[in-house]
There are 2 protein chains.
Amino acid sequence: MLDRVFSYIDEHYGEALNDLVKLCSQPSISARNEGLTECANLVADLLRGIGAKVELLKVSGAPPLVYAELTSRSAEKTLLFYNHYDVQPPEPLEEWESPPFKPSIRNNRLYARGVSDNKGNIVARIWAIKSILEVAGDLPLNVKFVIEGEEEIGSPHLPEYVEVYGDKFKANAGIWESGSKNAKEQLTIYLGVKGILYVELVAKGPSRDVHSASATIVPNPAWRLIRALSILKDENENILIPGFYENVKPPSKRELEHISKIEFDTEKLKENLGLKQLLLGLKGLEALKRHLYAPTCNICGLLSGYTGPGSKTVLPSRAMAKVDFRLVPDQDPDDIYLKLKNYLREKGFEDIEVKMLGKLYPARTPLDAPIVRATVSAAIKVYGKPPVVYPTMAGSGPMYLFVKKLGIPISSTGVGYYASRAHAPNENIRIKDFIEGMKHVSAILYEYAEIEEK
Amino acid sequence: MLDRVFSYIDEHYGEALNDLVKLCSQPSISARNEGLTECANLVADLLRGIGAKVELLKVSGAPPLVYAELTSRSAEKTLLFYNHYDVQPPEPLEEWESPPFKPSIRNNRLYARGVSDNKGNIVARIWAIKSILEVAGDLPLNVKFVIEGEEEIGSPHLPEYVEVYGDKFKANAGIWESGSKNAKEQLTIYLGVKGILYVELVAKGPSRDVHSASATIVPNPAWRLIRALSILKDENENILIPGFYENVKPPSKRELEHISKIEFDTEKLKENLGLKQLLLGLKGLEALKRHLYAPTCNICGLLSGYTGPGSKTVLPSRAMAKVDFRLVPDQDPDDIYLKLKNYLREKGFEDIEVKMLGKLYPARTPLDAPIVRATVSAAIKVYGKPPVVYPTMAGSGPMYLFVKKLGIPISSTGVGYYASRAHAPNENIRIKDFIEGMKHVSAILYEYAEIEEK
């Protein structure tokens, strides 16, 4: 049966690609609330097109959440797909070789903002199910889709959606939004996410920009901000907020053993990013371990005063930094936020405004969960080799709502590859990976339908 | 005779104002090479209109310098006016109440970018001379104008202009570009300028912006820049570059005595800028002394990563700071530039690119120079009270080219006031000050014509 599904996919992927081009043509930038409802409607239409029962769920102040159900005539188990239809802002625009919302096919790749993160996966999943239905007339499992519109800004309303509609979302297992091939062309599967705390720090000076000659006697908020930032981390990348590491759970022996078998190509990463060396000169397993298990304190943005060409002699009235902290189990973003504020106050920076722009908790599913075994065996069928399974990704997502609140173990797959440039200019996927991604999802349905729960 | 000149000004200031509106309607932003030649032509037309012999001087790569001469039939002495027709960039545009290049009269003030710095003074000077010519038929002095188009970016080509055309510029004394009334409605006169070194610091990270989850192992250039900036100055505002203060000449006893009589209204300044306190809690004479005699290290601009609304989880590929150092006699901007680069290199920041965007040397004219006495006595005639004479301003300008290279002692006057907002949104002058400014310039011509050289 699966072979016939694969053949169907090979014959019809052009239509799936058309759907993806249409979806990527619709900007859906949650950071500035741009095009979200329009995009949700497009996704709902695609789901209705394969016979799903679709609802546009709403909570106050949030873009719609696209919820869909497809019922099997023959099976009891339910698999849930979590995705998001929103994308990162496309800036800096001048670095795109084709406009971010005019999808462009070049060299067997499709370029567009969101094509890898996460619209390619939405369309691949919908088409995997459509292919099974077309070939077999029924699904081996019940399927649910939860597709939200605020993942890229930290899913601020998903907790409320889960609170209100959580009963609908119940399932035996879930597949997370994304996955990609590494530089060795192995599919990578992630079983967890880090948490995140995203803050904006603002220092204020004179009520308006003044002539920089006044720097003799007028306090400059840019200096103030720099001093505040400079006490957050030392030169060895230790985060200096008291208690920051308090709840960090070190990796288990099982996990360490598992990741010690994962190859980490330091040289390729360096080459890909044009770096002389990685942070702290890290290499191989040490780099991987830090990448998966270390929390971070990162500057996403800095802005103050005059930033155009040439020179303007100004003392700015305001300075701003956007900072994100990636958190690991069992760090708690609310707790870290309080610790950050207390630390700044204790160090005399009570004048610095600290605004929380987003938060997410960390979460992980065990390496031996049935859904993990099913994704792995399905991957071997499609890709001809085992995938690389990571106990967690370094990125974040609202996985804890499913894993912890609803008790759904989560695995993942996706159509990206090592140079997909998620969150960056010239985001793209390879068409071959898109086709294989559809096949992998359809294989997961059959594998998970048949697997023994422990 | 002067009374008749004053009457002429009172009767004709509306025409002068029209000329000023026209001049301010022409953008002339040297920082981005916008509208400079157009503006030079407008200034040249105004000068030709009063019978001056005008030349548009050129050196390679520079906007034209407007040079003009008016010859007296009866006098030997020559007075030179230095001005500039370029203006600062108008950003942030959203803070302007009327568009920066559409001059707007409200509450007896004229609002426009450049109206105070420095186009109001150009027009006031031209009209002062026109008024004398109309009333008296001859000037009491020969007059020269040197009006450049790059002052706001640090006059990068003026040294070459002076090198090539310096013989033309020779004069017995000069009047600098600007002056304004303080909060006590006293005219302020400045006899010197600070030097400046303007640099751009750039830190580079990965070859493109990457997902902020990679902050575990990818170096972030924003952190690097912050570390580099944080070693430039300590918390007590001491600049930490070795040898930075080496050539700083402390104020003379005469100067200290002189400035101790100048009132410095700490409270008004704080109120005007919405500050709780000045830098380091300075007040009164101590603040004034620092303002006039201390060099600075100031951040004019900061830029890295995502700076729009909301949150974008990115690790930026680049971070930039614009920094200006105001320098006092006998600091040398080239010397400070080398010391800065050496310091950063010694501290391990050889990866930070340090680009010099501009430099100027400091310069001062003695308190008892004849042109200073002439400006003071002329001011008493026009304003009915003595002006406040500052041994130097806290700002910079290419004064050293005239004072040191050409040996021309320099005084100043101008049509600004304490809330003129030079370099900031809603730059403006009061029409009353514009009229008095024209009168002051005409009085200076007569006073300086008659004064005894020492």
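Note that the structure is predicted; figures quoted are calculated from it, not measured.

**A few points about the overall build of chain A**
Argument step 1. A count of helices and strands for chain A gives 12 helices and 21 strands.
Argument step 2. For chain A, whose C-alpha radius of gyration is 23 Å, the value lies close to the compact-globule estimate of 22 Å for 454 residues.
Argument step 3. The dimensions of chain A, computed from C-alpha atoms along their principal axes, are 80 × 45 × 45 Å.
Argument step 4. For chain A, buried positions account for 55% of its 454 residues.
Argument step 5. Within chain A, contacts between residues separated by at least 24 positions form 79% of all contacts whose residues are at least 6 apart in sequence.

**Quick word on the interface of chain A and chain B**
The figure often quoted for interface size is the accessible area lost as the parts come together.
Argument step 1. Each partner contributes residues to the interface: chain A has 71 residues there, and chain B has 71 residues.
Argument step 2. Mapped onto the side of chain A that touches chain B, the elements with two or more residues apiece are strand S12 (210–211), helix H5 (221–230), helix H8 (284–293), strand S13 (298–305), strand S14 (314–315), strand S15 (318–327) and strand S16 (353–360) of chain A.
Argument step 3. At 8 residues, S13 of chain A tops the list of elements feeding residues into the side of chain A that touches chain B.
Argument step 4. The residue inventory of the side of chain A that touches chain B, partitioned by class, reads 36 nonpolar, 24 polar and 11 charged.

**Considerations on the sheet that holds strand S19 (residues 410–412) of chain B**
Residue and element names in this part refer to chain B.
Argument step 1. Here 6 strands make up an open sheet; going across it, the order is S1-S2-S6-S3-S7-S19 and the pairing mixed. Single-partner strands in this sheet number two, and they are strand S1 (53–57) and S19. Between one strand axis and the next, the sheet turns by 20 degrees as a mean value, whatever way the strands run.
Argument step 2. For S1 and strand S2 (residues 65–70), the ladder comprises 5 bridges, and the chain directions are antiparallel. The residue bridging Lys53 from the neighbouring strand is Glu69, located in S2.

**Quick word on the nonpolar core**
Argument step 1. Formed by 280 residues in total, the largest nonpolar core has its most connected members in Val43, Leu47 and Val66 of chain A together with Val43, Leu47, Val66 and Met438 of chain B.
Argument step 2. Ignoring sequence-local partners within four residues, the contact set of Val66 of chain A consists of Ala40, Val43, Ala44, Leu47, Val54, Leu56, Tyr85, Phe145 and Ile147 of chain A.

**Examining the relation of the copies chain A and chain B**
Argument step 1. Of the transformation placing chain A onto chain B, the axial shift is 0.0 Å and the rotation is 180 degrees, giving an RMSD of 0.0 Å. Both copies are brought into coincidence by an operation consistent with a two-fold rotation axis. In terms of proximity to the rotation axis, the leading residue of chain A is Leu303 of chain A, whose C-alpha is 2.4 Å off the axis.
Argument step 2. Most of the interface of chain A is mirrored in chain B, where 100% of its interface residues are also at the interface.

**Some points on the domain arrangement of chain A**
Residue and element names in this part refer to chain A.
Argument step 1. Parsing chain A into structural domains produces domain 1 (2–193 + 362–450) and domain 2 (195–248 + 295–360).
Argument step 2. Taken together, the 10 residues of domain 1 in the interface contact 11 residues of domain 2.
Argument step 3. Partitioned by chemical class, the residues of the side of domain 1 that touches domain 2 number 5 nonpolar, 4 polar and 1 charged.

**Observations concerning the environment of Thr78 of chain B**
Argument step 1. The topology assignment puts Thr78 of chain B in strand S3 (residues 78–84).
Argument step 2. Spatially, the C-alpha atom of Thr78 of chain B lies 56 Å from that of Gly205 of chain B, the residues being 127 residues apart in sequence.

**As for unusual backbone geometry**
Argument step 1. The linkage connecting Asp117 of chain A with the following residue, Asn118 of chain A, adopts the cis geometry, with an omega of 25 degrees.
Argument step 2. Relative to the helices and strands, Asn118 of chain A resides in helix H3 (residues 115–136).
Argument step 3. Following Glu91 of chain B, the chain continues into Pro92 of chain B via a peptide bond in cis, with omega recorded as 0 degrees.
Argument step 4. Within the secondary structure, Pro92 of chain B is located in the loop between S3 and strand S4 (104–106).
Argument step 5. In this structure, Asn108 of chain B takes a positive phi of about 60 degrees despite not being glycine.
Argument step 6. Note on placement: Asn108 of chain B falls in the loop between S4 and strand S5 (109–111).
Argument step 7. A tally of 10 C-beta atoms within 10 Å means that Asn108 of chain B is categorised as exposed.
Argument step 8. In this model, Glu185 of chain B sits at a positive phi of 65 degrees, which is unusual for a non-glycine residue.
Argument step 9. Topologically, Glu185 of chain B is positioned in the loop between strand S8 (180–181) and strand S9 (187–190).

**A word on the environment of Pro206 of chain A**
Argument step 1. Looking at the element boundaries, Pro206 of chain A is found in the loop between strand S11 (195–204) and S12.
Argument step 2. A count of 22 C-beta atoms within 10 Å places Pro206 of chain A in the buried class.
Argument step 3. Put simply, Pro206 of chain A and Asp335 of chain A are 129 residues apart on the chain and 33 Å apart in space, counted from C-alpha to C-alpha.
Argument step 4. Here Pro206 of chain A is in contact with Val218, Leu315 and Ser317 of chain A together with Leu273, Gly274 and Leu275 of chain B, once residues within four sequence places are set aside.

**Considerations on the environment of Gln331 of chain B**
All names here are of chain B.
Argument step 1. Within the fold, Gln331 resides in the loop between strand S15 (318–327) and helix H9 (333–346).
Argument step 2. Considered as a pair, Gln331 and Phe244 are 87 residues apart in the sequence and their alpha carbons are 8.1 Å apart.
Argument step 3. Once you skip the residues sitting within four places of it in the chain, Gln331 turns out to touch Gly195, Asn247, Val248, Pro295, Ile336 and Pro362.

**Focus on the sheet that holds S11 of chain A**
Argument step 1. The 8 strands lie next to each other as S16(A)-S11(A)-S15(A)-S13(A)-S13(B)-S15(B)-S11(B)-S16(B), forming an open sheet whose pairing is antiparallel. At either margin of the open sheet sits one strand with a lone partner, and together these are S16 of chain A together with strand S16 (353–360) of chain B. In this sheet, adjacent strand axes meet at a mean angle of 15 degrees when their direction is disregarded.
Argument step 2. In terms of strand pairing, strand S11 (residues 195–204) of chain B meets S16 of chain B through 7 bridges, oriented antiparallel.

**Some remarks on the confidence of the model for chain A**
Argument step 1. Mean pLDDT for chain A: 96, with 100% of residues reaching 70 or above.
Argument step 2. The ipTM, which scores confidence in the relative placement of chains, is 0.82 for this predicted complex, and the corresponding pTM is 0.82.

**Side note on the pairing of strand S6 (residues 142–148) of chain B**
All names here are of chain B.
Argument step 1. Most of S6 sits out of view: 6 of its 7 residues are buried.
Argument step 2. When S2 meets S6, the two strands line up antiparallel, connected through 5 bridges. Bridging from a neighbouring strand, Val66 pairs with Ile147 of S6.
Argument step 3. In this sheet, S6 lies alongside S3 in parallel orientation, the contact comprising 7 bridges. Across the sheet, the residue bridging to Thr78 is Asn142, located in S6.

**Things to note about helix H2 (residues 36–49) of chain B**
All names here are of chain B.
Argument step 1. Helix length check: H2, at 14 residues, gives a terminal C-alpha distance of 20 Å against a target of 20 Å (1.5 Å per residue), a fit within 8%.
Argument step 2. Within H2, burial applies to Leu36, Cys39, Ala40, Leu42, Val43, Ala44, Leu46 and Leu47.
Argument step 3. Looking at the buried residues of H2, the elements they touch are helix H1 (2–24), S1, S2, helix H3 (115–136) and S6.
Argument step 4. Directly after H2, the chain includes Gly51, whose backbone phi takes a positive value near 90 degrees.

**Re the packing of H3 of chain A against helix H12 (residues 431–450) of chain A**
Residue and element names in this part refer to chain A.
Argument step 1. One way to put it is that H3 packs onto H12 with a least axis distance of 8 Å and a crossing angle of 55 degrees. Judged by the angle between their axes, H3 and H12 are oblique. Every pair of crossing elements has a handedness; the one defined by H3 and H12 is right-handed. Contact residues: Gly120, Asn121, Ala124, Arg125, Trp127, Ala128, Ser131 and Ile132 in H3; Phe434, Gly437, Met438, Val441, Ser442 and Leu445 in H12.
Argument step 2. Class assignment of the residues belonging to the contact of H3 with H12 gives a composition of 8 nonpolar, 5 polar and 1 charged.

What counts, and at which threshold
Residues numbered from 1 in each chain as written. Chains lettered and ligands numbered in written order. Predicted model: local features only at pLDDT ≥ 70, side-chain atom pairs only at ≥ 80, totals over all residues. Helix = DSSP H or I, 4+ residues; strand = E, 2+ residues; numbered from the N terminus. Rg over C-alpha atoms; globule rule 2.2 N^0.38 Å. Buried ≥ 20, exposed ≤ 12 C-beta atoms within 10 Å, placed from the backbone. Contact = placed C-beta atoms within 7 Å. Nonpolar A, V, L, I, M, F, W, Y, C, P; charged D, E, K, R; others polar. Pairing = 2+ DSSP bridges. Axes fitted to C-alpha atoms, helices over the stretch in contact; angles between N-to-C directions. Core = buried A, V, L, I, M, F, W, Y, C linked by C-beta atoms within 7 Å. Least-squares fit on C-alpha atoms with pLDDT ≥ 70 in both. Domains from an automatic or database assignment. pLDDT = per-residue confidence, 0-100. Expected span 1.5 Å × (residues − 1). Parallel < 35°, antiparallel > 145°, perpendicular 65-115°, else oblique. Left-handed = near helix turned anticlockwise from the far one by under 90°.

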